[in-house]
Amino acid sequence: MCLAIPAKILKIHDQRAKVDFGGAIREVNISLVDANVGEYVVVHAGFAIQKLNEKEAQETLGLWHEILNFLEDG
Amino acid sequence: MFRFRDKRTAEIILKKLKRMDLNIRLMHVCGTHQDTLIRFGLDPLLKKVGVEIKQGPGCPVCVTTPREIEEIMLLAKKGKIITVFGDMVNVPGEKHSLQDIRSQGHDVRIVYGIEDAVNIAQKKKKEVVFMGIGFETTIPSTASSLLSSPPENFSVLSCHRLMPPALKAILEMGEIHLDGLIEPGHVSTIIGTEPYRFLSDEYGIPQVIAGFEPLDLLMGVYMLARQIENKEAKVENEYTRLVKKEGNEKAVKMMKEVFEEHDVSWRGFPVIPNSGLQLKKRFEEYDARKKFEDELLELKGKEFKEPEGCRCGEVLRGIISSDECPLFGTVCTPQNPVGPCMVSSEGSCNIMLKYGK
Ligand code: SF4
């Protein structure tokens, strides 16, 4: 139930947005986030619960590189 | 593009863990973590490198108490339209499940989220009760809906629970030795990293917030192993692409506006102080327990037992693993579940059986 899925915001109307879950278009409630069209959000039980951004995703990878002093010495 | 499922990186992390010569036991508290752990076969790989992982009380359906299940069934029998998340309908109560009640003609509906329930209330004249289960990931959606003036015939039976007090209870009870905690990514998306800090400070336990891809989990384990090796106890965040230090402040604010903490029991646990949420007085008109106080009176003072032979409580406290329950896979199966840990797709018994362990 705590599963949450990323989706891209296509259109915003007040507290609701049309989002694209990799092909499937749904309407979700965006009252919990300050999101704009074109941004990615993570959706749980019909509500966007946080914005997801590419930069932060890259930072995760950066963190991994650092922690693993990267790959080759494996 | 480097992916969160890259096999080679997984192998490197496992190799690094092996070199550390570990013998540690960790706990996570999230059904989605359990799913990743079992579905991708990480559990046996980690055991081989000296890492055992237990699932704690991280399944909202499973930790819901027999009393709460009787409450919602009674409201169904009293003629309300009951709206619940899918897994809830098959959880056995004392005699029946919501599914049984439904086949007797009572109105029990499965919803994907609270908004579906509000929509039903808008279209019907009858009372509509939403069973609000779930942790911090789900609670803000209930709060937001109550803040946007739902119709009068709508109410919530709040069975919402907070994760940090349950983690404290596990550590305090000390029934099981744990070397580290893998904290749930989506709960943390809402609350951020700070609410866990006291656990490291007071109990000296290392913690890592982890995401749900196989590499997230392996990385989380590796970060914990490093803390353990360096004799550190702090909160680290592996899931930075979603979890901010401050969490989702807007969501937390709504939660605090609508709910207040109270002491509740969890299945398998004694009462855990401040671990449950009830509606504040201002939202009383939407509180099913207040609104239907008289009708619920017949449950007052009654004790409700766990299903006979079911060891969900011990599974939820991490004391036994699902396959140590004598009923696992024989008497108790997803088609014929004895306890909620076999019903819910987030329950450890269900997950273990589903992936053919
Ligand atoms: S296998 Fe069934 S009876 Fe045993 S603990 Fe799990 S849910 Fe309960």
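Look up a bit, the structure's there.
Residues numbered from 1 in each chain as written. Chains lettered and ligands numbered in written order. Predicted model: local features only at pLDDT ≥ 70, side-chain atom pairs only at ≥ 80, totals over all residues. Heavy atoms only, no water.

**Overview of helix α5 (residues 66-77) of chain B**
Residue and element names in this part refer to chain B.
- Its twelve residues place the ends of α5 16 Å apart at the C-alpha level, agreeing with the 16 Å of an ideal helix rising 1.5 Å per residue.
- In terms of residue burial, α5 counts as a mostly covered element, since ten of its twelve residues are buried.
- For α5, the full list of buried residues reads Pro66, Glu68, Ile69, Glu70, Glu71, Ile72, Met73, Leu74, Leu75 and Ala76.
- A positive backbone phi angle near 95° is found at Gly79, which sits one or two residues after α5. (Helix = DSSP H or I, 4+ residues; strand = E, 2+ residues; numbered from the N terminus. Expected span 1.5 Å × (residues − 1). Buried < 20%, exposed > 50% of the residue type's maximum accessible area, 1.4 Å probe, protein only.)

**Considerations on the site of the ligand**
- Around the ligand lies a shell formed by Cys310(B), Arg311(B), Cys312(B), Cys325(B), Leu327(B), Phe328(B), Cys332(B), Val338(B), Gly339(B), Cys341(B), Met342(B) and Cys349(B).
- For the shell around the ligand, the class distribution of residues is ten nonpolar, one polar and one charged. (Near = heavy atom within 4 Å. Nonpolar A, V, L, I, M, F, W, Y, C, P; charged D, E, K, R; others polar.)

**Section: the packing of aromatic side chains**
Residues and elements named next belong to chain B.
- By the definition in use, this model includes four aromatic pairs over all chains.
- With a centroid separation of 5.7 Å and 75° between ring planes, the pair formed by Phe85 and Phe130 is classed as edge-to-face. One end of the pair, Phe85, is in strand β3 (residues 81-85); the other, Phe130, is in strand β5 (residues 128-134), and 45 residues separate them in sequence.
- Overall, Phe85 belongs to the buried group, its relative accessible area being 8%.
- The class for Phe130 is buried, based on a relative accessible area of 1%.
- These aromatic residues form a ring-pair network of at least three members: Phe135, Trp266 and Phe269.
- The ring of Trp266 is capped by Arg161, whose NZ or CZ atom sits 5.7 Å from the centre of that ring. (Phe/Tyr/Trp six-rings, centres within 6.5 Å; stacked < 30°, edge-to-face > 60°. Lys NZ or Arg CZ within 6 Å of the ring centre and 35° of its normal.)

**Focus: the pattern of salt bridges**
- In this structure the tally under the stated criterion is 23 salt bridges over all chains.
- With a closest N to O distance of 2.9 Å, Glu306(B) and Arg267(B) form a salt bridge. Note that Glu306(B) is positioned in the loop between α15 (293-296) and α16 (312-316) and Arg267(B) in the loop between β10 (259-265) and β11 (271-279), a separation of 39 residues in sequence.
- Residue class for Glu306(B) comes out partly exposed when judged on its relative accessible area of 36%.
- Under the relative-accessibility criterion, Arg267(B) is labelled buried at 1%.
- One salt-bridge network, held together by shared partners, links Arg16(A), Glu27(A) and Glu115(B). (Salt bridge = Lys/Arg side-chain N within 4 Å of Asp/Glu carboxyl O.)

**Digging into the sheet that holds strand β6 (residues 154-160) of chain B**
Residues and elements named next belong to chain B.
- Spatially, four strands are ordered β4-β3-β5-β6 in an open sheet, and the strand pairing comes out parallel. The open sheet is flanked by β4 (108-111) and β6, the only strands paired with a single partner. Averaged over all neighbouring strand pairs, the angle between strand axes comes to 25°, with direction disregarded.
- Where β5 meets β6, seven bridges bridge the pair, whose relative direction is parallel. Paired with Val128 across the bridge in β6 is Phe154.
- Along the sheet, α5 contacts β3, β4, β5 and β6; its crossing angle with β6, the most-contacted strand, is approximately 165°.
- Helix-sheet contacts for helix α8 (residues 139-147) involve β5 and β6, and the interaxial angle to β6 is about 155°. (Pairing = 2+ DSSP bridges. Axes fitted to C-alpha atoms, helices over the stretch in contact; angles between N-to-C directions. Contact = heavy atoms within 4.5 Å.)

**Some words on the sheet that holds strand β1 (residues 24-28) of chain B**
All names here are of chain B.
- Across the sheet, five strands lie side by side as β2-β1-β7-β8-β9; this open sheet has parallel pairing. Only two strands of the sheet have a single partner each, and these edge strands are β2 (51-55) and β9 (235-237). Between one strand and the next, the sheet's axes are offset by a mean angle of 25°, whatever the strand orientation.
- One ladder, built from three bridges, connects β1 with strand β7 (residues 180-184); its direction is parallel.

**Concerning the side chain of His33(B)**
Residues and elements named next belong to chain B.
- Residue position: His33 is located in helix α2 (residues 31-39).
- Side-chain polar atoms of His33 contact the backbone oxygen of Gly211, separated by 3.1 Å.
- Beyond its immediate sequence surroundings of up to four residues, His33 is in contact with His28, Ile182, Glu183, Pro184, Gly185, Ala210, Gly211, Phe212 and Leu217. (Polar contact = N/O pair within 3.5 Å; in protein donor to acceptor, adjacent residues only side chain to side chain.)

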